[in-house]
Amino acid sequence: MSRACITVLLVSLVITLVGAAYSKETSPTLVRPYFGEKPPGSIPTLFDPKLVSPEGRFEGGEFTPDMTEFYFSRKNGRYKQRKFFIIRLEDGVWGQEAETEIRWPKFSKDGTLLYGGKEYRERTESGWSEPKSQGEFLKDQAHGISLSSKGTYYFAIYKEEDEGRGNLGYSRLIDGSYESPVKMSININRGKWIAHPHIAPDESYLMWDVEREDGHGKSDIYISFRDKSGSWLPALNMGSLINTGLQESSPRVTHDGKYLFFSRGQWNVNTDGSRNWVGKSYWVSTQVIENLRPKHKTAAKP
């Protein structure tokens, strides 16, 4: 083979390799963390990946801990009613989404438990089990639930006599059974429409959304840290970068601990007087949490 032919073959090989690398880098379906969206810094940015939001109707979603499944919802536009979907990794790329009956799932740290509301499912060889009852201790649960690494549930409790106010409570796993709900202190349970708690895996902080007089308008996201004795400190508004005149809600930290996701939106009033929620998903570095953590009161790890 002549030197000219060898040169042509080498150039062709380089072009092929470069083209393949470029294709992988720009493909919207290949496995890249968080669908290849640019990670945020200390300022929240919109999380609206085109793969799950081709029409901009994506509301928000949740990855399984191993990042191989993503459960999400869409609403408005042609989605007159909220629709729930799942998309899975298939042979190293994201497959096609499919509708699912699973709504707003949360996952245990090891990924073997899917929970939400008053029911849970267990991971099996063929997928998720049929839903099972969590138990009587969650009979008044509504609008949010979160599970710590040690198995303690934190949840919103809504009773008819509360007139929509709501409270946060918790239930510990003791000798294989969950205790009756324990209502949290006034440090936490102050304000209206208290909902959507998120507990840190080590239970060193708790976030939730609530309407308070010292807020920025509508519901805001608040956080409370534990002190050295294990008591919850007074709640802190997470500030104007997180909270605006719109409604912020549903805080949750990713399983890798890097990002805080939350919802931001508002209720629009239709011509017939009905209300319609229009909200989007935002994310920000969890450094915003560390910036609020008390410097001289080390959070306990119960």
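What counts as what
- Counting of residues starts from 1 at the beginning of each chain's written sequence and follows it residue by residue.
- Totals for whole chains, interfaces and linings use every residue, but because this is a predicted model, local features are given only for residues with pLDDT of at least 70 and side-chain atom pairs only at 80 or more, for both listing and counting.
- The side-chain numbers reported here are obtained from all heavy atoms of the structure, hydrogens and water having been left aside.
- We count a stretch as a helix when DSSP gives it H or I for four or more residues in a row; a strand needs E for two or more, and each element gets its number in order from the N terminus.
- Each residue gets one of three labels from its accessible area relative to the maximum for its type: buried under 20%, exposed over 50%, partly exposed in between, using a 1.4 Å probe on protein chains only.
- By definition, residues are in contact when any of their heavy atoms lie within 4.5 Å.
- Confidence of the predictor at the level of single residues is captured by pLDDT, which takes values from 0 to 100.
- Strands pair, by our definition, only if DSSP identifies at least two bridges between them.
- Only protein atoms enter the 1 Å grid used here, on which a cavity is any set of points holding a 1.4 Å probe that cannot leave and a pocket is any open set flanked by protein within 12 Å on both sides along at least five of seven lines; residues with an atom within 4 Å of a point are listed as lining.
- Grid points are joined across faces, edges and corners, and a volume is the space filled by probe spheres set on the points.
- Basically, the charged four are Asp, Glu, Lys and Arg, the nonpolar ten are Ala, Val, Leu, Ile, Met, Phe, Trp, Tyr, Cys and Pro, and anything else, Gly included, counts as polar.

Chemist: I'd like to hear about the side chain of N76, residue by residue, with values.
Modeler: Along the chain, the position of N76 falls in strand β3 (residues 69–76). For N76, a relative accessible area of 15% translates into the label buried. For N76, the contacting residues outside a window of four places in its chain are R57, N276, W277 and V278.

Chemist: An account of the confidence of the model for the protein is requested, with residue identities and associated values reported.
Modeler: Averaged over every residue, the pLDDT of the protein is 88; residues scoring 70 or more account for 86%. Confidence over residues 13–28 falls short of pLDDT 50; this stretch has five contacts with residues more than four positions distant or in other chains. Below a pLDDT of 50 lies the segment residues 298–302, which in the model reaches 19 contacts outside its immediate sequence neighbourhood of four places, other chains included.

Chemist: Describe the sheet that holds strand β22 (residues 247–253), naming the residues involved and giving the relevant values.
Modeler: The four strands lie next to each other as β1-β24-β23-β22, forming an open sheet whose pairing is antiparallel. On the outer flanks of this sheet lie β1 (45–46) and β22, each paired with one strand and no other. Examined bridge by bridge, strand β23 (residues 259–269) and strand β24 (residues 275–285) share eleven bridges and lie antiparallel to one another. Residue R264 lies in a different strand from β24, and its bridge partner there is K280.

Chemist: Report on the layout of surface pockets, specifying residues and quantitative values.
Modeler: If you add up the space inside the second largest pocket, you get close to 520 Å³. The wall of the second largest pocket is formed by 30 residues, among which L147, H198, I199, P201 and H255 lie closest to the centre. Secondary-structure elements contributing two or more residues to the lining of the second largest pocket are β7 (106–107), β12 (141–147), β18 (192–199), β22 and α2 (287–292). Tallied by class, residues from the lining of the second largest pocket come to ten nonpolar, eleven polar and nine charged.

Chemist: Break down the pairing of strand β9 (residues 119–124) for me, with residues and values.
Modeler: Two elements, strand β8 (residues 113–116) and β9, share four bridges in a ladder whose sense is antiparallel. When the sheet's bridge partners are listed, L114 is paired in β9 with R121. What sits between β8 and β9 in their antiparallel hairpin is a turn of two residues, with G117 showing a positive phi close to 65 degrees. The pairing of β9 with strand β11 (residues 132–133) spans two bridges and is classified as antiparallel. Residue pairing for β11: E119 is matched across the bridge by S133. Looking at chain direction, β9 and strand β10 (residues 127–128) are connected through two bridges and run antiparallel. The residue of β10 that forms the bridge with R123 is W128. The antiparallel pairing of β9 with β10 creates a hairpin that spans two residues between the two strands.

Chemist: I'd like to hear about empty space enclosed by the protein, residue by residue, with values.
Modeler: A water-sized probe rolled over the atoms picks out the places where empty space is left. In the structure shown here, the tally under the stated rule is one cavity of 30 Å³ or more. In this structure, the largest cavity encloses a volume near 150 Å³. If you trace the largest cavity, you find 14 residues lining it, with Y34, E62, F63, T254 and F261 closest to the centre. At the level of elements, β2 (58–63) and β22 are the ones that each hand at least two residues to the lining of the largest cavity. For the lining of the largest cavity, the leading source of residues is β2, giving three residues.

Chemist: Describe the environment of R172, with residues and values.
Modeler: Among the secondary structure elements, R172 is positioned in the loop between β14 (167–171) and β15 (173–174). Its relative accessible area of 39% is what places R172 among the partly exposed residues. Considering only alpha carbons, one finds R172 and S148, 24 residues apart in sequence, at a separation of 9.8 Å. Excluding its chain neighbours within four sequence positions, the residues that come into contact with R172 are T152, S177, Y178 and E179.

Chemist: Talk me through the pairing of strand β19 (residues 205–211); I want residue IDs and the actual numbers.
Modeler: Burial analysis of β19 places six of its seven residues in the buried class, the great majority of the element. In textbook terms, the turn of a hairpin is the stretch between consecutive antiparallel strands, and for β18 and β19 this stretch comprises five residues, one of which, E203, has a positive phi near 60 degrees. Bridge count between β19 and strand β20 (residues 220–225): six bridges; the pairing is antiparallel. Bridge assignment links Y205 to a residue of β20, and that residue is F225.

Chemist: Describe in detail the side chain of S73, supporting the description with residues and values.
Modeler: Along the chain, S73 turns up in strand β3. If we ignore the near neighbours within four places in the chain, the residues touching S73 are R57, F58, E59, G60, R82, K83 and F84.

Chemist: How would you summarise unusual backbone geometry if you had to cite specific residues and measurements?
Modeler: With the exception of glycine, the majority of residues adopt a negative phi angle, and the majority of peptide bonds are in the trans configuration. A positive phi is found at H143, a non-glycine position, where the angle reads about 60 degrees. Looking at the secondary structure, you find H143 in strand β12. Phi angles above zero are rare outside glycine, and K218 is one such case at about 55 degrees. Looking at the element boundaries, K218 is found in the loop between β19 and β20. For K218, a relative accessible area of 44% corresponds to the partly exposed category.

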